[in-house]
Amino acid sequence: MRYLMTAKASETAPDENLYVEMAKFVEELTAAGVLLATGGLEAGGVRVTSSGDEITVTDGPFAEAKEAVAGFALVEVRSKEEAIELTRRFRRIVGDGESVIQQVFG
């Protein structure tokens, strides 16, 4: 099963220890064949909405920056519970904040 794990932006600035611990975590998941992709996302982005035949394009950043996704990891695991446990480990490394886990179909 594939899961997309996203993390919302945090107000806490990362320190050197965070980078060291995150590198170990990424290395472990990569060696285990669990981590398929990871990355950070630009703060602004572009929002594309549709209503009938009308398509609207709006450049970011958007008013609710704290709701923006800052990074992601795509993992392949045996169960939803395993994805939750990986996300718990991630949150312990990065500290306070919010992550969302969604199963990827197809």
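To be clear, the structure that these remarks concern was listed above.
In this text, all values refer to a predicted model and were calculated from it rather than measured experimentally.

### Side note on helix 1 (residues 16–31)
With 16 residues, helix 1 ought to run about 22 Å at 1.5 Å a step, and its terminal C-alpha atoms sit 23 Å apart, in line with that. Inspection of helix 1 places Leu18, Met22, Phe25 and Leu29 among the buried residues, and these make up the whole buried set. Taken down its axis, helix 1 places every buried residue within 60° of arc, on the same side. Along helix 1, exposed side chains directed more than 90 degrees from the buried face belong to Glu16, Glu27 and Ala31. Here the buried face of helix 1 lies against strand 2 (35–40) and helix 2 (80–94). The backbone nitrogen of Asn17 lies 3.3 Å from a side-chain oxygen of the residue at the head of helix 1, namely Asp15. In the segment just after helix 1, Gly33 is the residue with positive phi, at about 75°.

### Overview of the sheet that holds strand 2
One open sheet accounts for 4 strands, arranged 2-5-1-6; its pairing is antiparallel. Taken across any chain shown, the strands that pair with only one partner, and hence form the sheet edges, are strand 2 and strand 6 (99–104). The mean inter-strand angle of the sheet, taken between neighbouring strand axes irrespective of direction, is 15°. Alignment of strand 1 (residues 2–8) against strand 6, held across 6 bridges, turns out to be antiparallel. By the bridge assignment, Arg2 is partnered in strand 6 with Val104. The strands touched by helix 2 are strand 1, strand 5 (69–76) and strand 6; relative to strand 1, the strand with the most contacts, the crossing angle is about 25°.

### Let's talk about a nonpolar patch on the surface
Residues Val46, Val48, Ile55 and Val57 make up a contiguous nonpolar surface patch of about 390 Å² in total accessible area. The set of elements that each furnish at least two residues to the nonpolar patch consists of strand 3 (46–51) and strand 4 (54–59).

### Some thoughts on the layout of surface pockets
Roughly 710 Å³ of internal volume is contained in the largest pocket. For the lining of the largest pocket, the secondary-structure elements that each account for two or more residues are strand 1, helix 1, strand 2, strand 5 and helix 2. The greatest single-element share of the lining of the largest pocket, amounting to 6 residues, is contributed by helix 1. Its residues assigned to classes, the lining of the largest pocket shows 19 nonpolar, 9 polar and 4 charged.

Thresholds, definitions, all that
- Residues numbered from 1 in each chain as written.
- Predicted model: local features only at pLDDT ≥ 70, side-chain atom pairs only at ≥ 80, totals over all residues.
- Heavy atoms only, no water.
- Helix = DSSP H or I, 4+ residues; strand = E, 2+ residues; numbered from the N terminus.
- Expected span 1.5 Å × (residues − 1).
- Buried < 20%, exposed > 50% of the residue type's maximum accessible area, 1.4 Å probe, protein only.
- Arc of directions from axis to C-beta.
- Contact = heavy atoms within 4.5 Å.
- Polar contact = N/O pair within 3.5 Å; in protein donor to acceptor, adjacent residues only side chain to side chain.
- Pairing = 2+ DSSP bridges.
- Axes fitted to C-alpha atoms, helices over the stretch in contact; angles between N-to-C directions.
- Patch = residues over 30% accessible without salt bridge, like charges linked within 9 Å, V, L, I, M, F, W, Y side chains within 5 Å.
- Areas by Shrake-Rupley, 256 points an atom, 1.4 Å probe, with all protein chains shown as cover.
- Salt bridge = Lys/Arg side-chain N within 4 Å of Asp/Glu carboxyl O.
- 1 Å grid on protein atoms, 1.4 Å probe; cavity = no way out; pocket = protein on both sides within 12 Å on 5 of 7 lines; lining within 4 Å.
- Points joined across faces, edges and corners; volume = space filled by probe spheres on them.
- Nonpolar A, V, L, I, M, F, W, Y, C, P; charged D, E, K, R; others polar.

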